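Summary of the model geometry
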Amino acid sequence: MTKRVFSGVQPTGNIHIGNYLGALKQFVQLQEDNECIYCIVDMHAITLPKDPKELRKNILDTAALYMAVGVDPSRSVVFVQSDVPGHADLAWILMCNAYTGELSRMTQFKDKNRDNESAPMGLFSYPVLMAADILLYDSDIVPVGNDQKQHIELTRDIAVRINNKYGKDTFVVPDGRFLKEGARIMALDDPMSKMSKSAESALSRISLLDEAATVKKAIMRSTTDSDGEIRFDAENKPGISNLLTIYSAFSGVPATELERRYRGEGYGAFKKDLAEVVAESLAPIKRSYAEIRQSEELIRALKDGEERANALAEKTMKRVKERIGLGR
Ligand code: AMP
Ligand code: TRP
């Protein structure tokens, strides 16, 4: 039986190899035998201030990047969140069924909410909008990186809670899908923190559109350790282990085999080869991105995605509103 798949990425620029290995790579694989819906979550992006011009550009950049890595808009629905009013509509209904206590326990909110009196309400309710994204399409599977585990759990809790109140087939209860390898890529300059779009240092990440020279610089300078042994041990050797994960994910060669191949070699040689593997993997993505980004096809695909997504969303909203007593 084909499953319904849903996921989203924020249009914030700097989409990096962590986003690719944790999420985007799964988007492409899942298209083979599922019904997939991939969203550019622009309403999530405005939970923190954004320059309007840049945001508008980033939305198209992100859509083009989806397609450049292999998301095929003739097979999957590719669309922009704010083009479908059902997301905000359903988010309100879910908010009325979510608890302030459970939302204050979200680690992503706690991380970003240093100054708690003036945190935007949107930042607090961010996970509820995410739950609405997922539940709006009766999604079975949500491919994401590990950092979204807590948000998926919350989505499931809210869905079950509403099903218990209004009928058990009000919402499909979704499952997260996390890869064994790549679900949490760490920052190159600090392997104790995850690779992120917003880290100040550009050397902390490799963006999908980086030039080969930039990729090489970030990898050669990445933080490792001083014992000089190429061995996977995430706890004691987080830097080298992260590099082994990246190498393995891009090349398809298991980490144990890489350990064997590089036995007795120095970190320098290993890093140099890794830089080549990564740059070679990114080259076709960059080429196809440049083509798609300036084609009329991009705008047409998003328009088509908007129509298909709206049709699905309207059906769910009708059902949900009926259940809870809204409308007539
Ligand atoms: P975001 O950039 O927060 O919109 O994230 C887009 C997708 O990339 C989500 O599925 C995240 O879980 C995933 N992701 C973000 N950072 C990483 C990382 N360092 N390693 C693996 N996956 C990640
Ligand atoms: N919160 C996710 C992130 O930061 C992005 C996102 C928003 C998402 N809505 C979603 C992911 C729905 C999966 C499904 O990465």
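Here the structure is a predicted model, which is why all the values come from computation and not from measurement. Within every chain, residues take consecutive numbers counted from 1 along the sequence as written. As a convention, the first chain written is A and the first ligand written is 1, with the rest following in written order. With the structure being a predicted model, the display of local features is reserved for residues of pLDDT at least 70 and the display and counting of side-chain atom pairs for 80 or more, all residues being used for whole-chain, interface and lining totals. Note: side-chain values were computed over all heavy atoms of the structure, leaving out hydrogens and water.

Section: the overall build of the protein
Under the scheme used here, helices are H or I runs from DSSP no shorter than 4 residues and strands are E runs no shorter than 2 residues, and both carry numbers assigned from the N terminus. Looking only at helices and strands, one finds 13 helices and 5 strands in the protein. Only C-alpha atoms enter the radius of gyration; for comparison, a globular chain is expected to reach 2.2 Å times N to the power 0.38, where N is the number of residues. Its C-alpha atoms give the protein a radius of gyration of 21 Å, near enough to 20 Å, the size a compact globule of 328 residues would have. For the C-alpha atoms alone, the extent of the protein along its principal axes is close to 75 × 45 × 45 Å. The 328 residues of the protein split such that 51% are buried. Within the protein, contacts between residues at least 6 apart in sequence are counted, and of these 77% link residues at least 24 apart. Only the protein chains shown count as cover for residues, and all accessible areas are computed by the Shrake-Rupley method using a 1.4 Å probe. Accessible surface computed for the protein: about 16,100 Å², of which carbon and sulfur atoms make up 50%. Think of it this way: Lys and Arg go in the positive column, Asp and Glu in the negative one, and His and the chain ends go nowhere. To locate a charge, the coordinates of NZ of Lys, CZ of Arg, CG of Asp or CD of Glu are taken. The average position of the 45 basic charges and that of the 47 acidic charges among the side chains of the protein differ by 2 Å. Residue exposure (1.4 Å probe, protein chains only): buried if accessible area is under 20% of the type maximum, exposed if over 50%, otherwise partly exposed. Contacts between residues were defined by any pair of non-hydrogen atoms, one from each residue, lying within 4.5 Å.

Re the nonpolar core
General note: in soluble globular proteins, nonpolar side chains tend to be found buried as a group. Within the largest apolar cluster, 59 residues are counted, with the highest numbers of intra-cluster contacts made by L24, Y66, I206, L208, F250, V278 and L282. Looking at which element gives the most residues to this core, the answer is helix α12 (residues 267-293), with 10 residues. Where each domain begins and ends is defined by an automated method or by a domain database. In terms of domain composition, this core takes at least three residues from each of domain 1 (4-183 + 296-324) and domain 2 (202-289). Put simply, buried Ala, Val, Leu, Ile, Met, Phe, Trp, Tyr and Cys residues joined by side-chain atoms within 4.5 Å make one nonpolar core. Residues L90, Y137, L154 and F171 belong to the second largest nonpolar core, which totals 38 residues.

Some remarks on the site of ligand 1
The environment of ligand 1 is formed by 17 residues, the closest being Q10, G145, D147, I185 and K197. Counting of polar contacts relies on pairs of N or O atoms within 3.5 Å, with two restrictions inside protein: one atom must be capable of donating a hydrogen and the other of accepting it, and residues adjacent in sequence are counted only when both atoms are side-chain atoms. Separating an oxygen atom of ligand 1 from a backbone N or O atom of Q10 is a distance of 3.0 Å. The backbone of G145 places a nitrogen or oxygen atom 2.9 Å from an oxygen atom of ligand 1. Protein contacts shield 92% of the accessible area of ligand 1, which totals 490 Å² for the unbound molecule. It suffices for a single heavy atom of a residue to lie within 4 Å of a molecule or strand for the residue to be listed as near it.

Notes on the domain arrangement of the protein
Looking at the assigned domains, one finds that the protein contains domain 1 (4-183 + 296-324) and domain 2 (202-289). The straight-line distance from the C-alpha centre of domain 1 to that of domain 2 is 30 Å. Each partner contributes residues to the interface: domain 1 has 15 residues there, and domain 2 has 14 residues. Summed over both partners, the interface of domain 1 with domain 2 comes to about 1,300 Å²; 71% of that surface belongs to carbon and sulfur atoms. Accessible area that two parts lose when put together, with a 1.4 Å probe and added across both, is what the buried area reports. Together, I17, A68 and E181 form the three largest contributors to the area buried by domain 1 at its contact with domain 2, with a combined 39%. Here domain 1 is connected to domain 2 by 6 residue pairs in polar contact (both at pLDDT 80 or more).

What about the state of the cysteines?
Whenever a pair of cysteine sulfur atoms sits within 2.5 Å, that pair is classed as a disulfide. For the coordinates displayed, the defined rule picks out 0 disulfides. Just so you know, C36 is unpaired, no disulfide at all, and the nearest cysteine sulfur is the one on C39, 14 Å from it. When its relative accessible area of 1% is taken as the criterion, C36 is described as buried.

A closer look at the site of ligand 2
Close to ligand 2 lie 13 residues, the nearest being Q10, Y126, M130, D133 and Q148. Put simply, the parts of the chain that give the shell around ligand 2 at least two residues each are β1 (4-9) and α7 (121-135). At 4 residues, α7 tops the list of elements feeding residues into the shell around ligand 2. Classes in brief: Ala, Val, Leu, Ile, Met, Phe, Trp, Tyr, Cys and Pro nonpolar; Asp, Glu, Lys and Arg charged; the others, Gly included, polar. Residue classes in the shell around ligand 2 are distributed as 7 nonpolar, 5 polar and 1 charged.

Things to note about the environment of E322
Tracing the sequence through the fold places E322 in helix α13 (residues 296-324). Owing to a relative accessible area of 59%, E322 belongs among the exposed residues under this scheme. For the pair E322 and T170, spaced 152 residues apart in sequence, the C-alpha to C-alpha distance is 9.9 Å.

Some thoughts on helix α8 (residues 149-166)
Compared with the 26 Å implied by 1.5 Å per residue over 18 residues, the 26 Å span of α8 between its first and last C-alpha is a close match. Along α8, the positions that sit buried rather than exposed are H151, I152, L154, T155, I158, A159, R161, I162 and N163. Expected helix span is given by 1.5 Å per residue-to-residue step, counting one fewer step than there are residues.

Observations concerning the side chain of E259
Tracing the backbone shows E259 in helix α11 (residues 255-261). The working definition used for a salt bridge is a side-chain nitrogen of Lys or Arg within 4 Å of a carboxyl oxygen of Asp or Glu. Buried charge without a partner: E259 forms no salt bridge, and the closest opposite charge is R263, 6.2 Å away. At 2.5 Å, the side chain of E259 and the backbone nitrogen of F232 are in polar contact. In contact with E259, not counting residues within four places along its chain, are I230, R231, F232 and L244.

Section: the pairing of β1
With 5 of 6 residues buried, β1 is to be regarded as a mostly interior element. Remark: the β1/helix α1 (residues 17-30)/strand β2 (residues 35-40) crossover connection has right-handed handedness. For the handedness criterion, the strands are oriented away from the viewer, and a crossover whose path from the first strand over the helix to the second runs clockwise is classed as right-handed.

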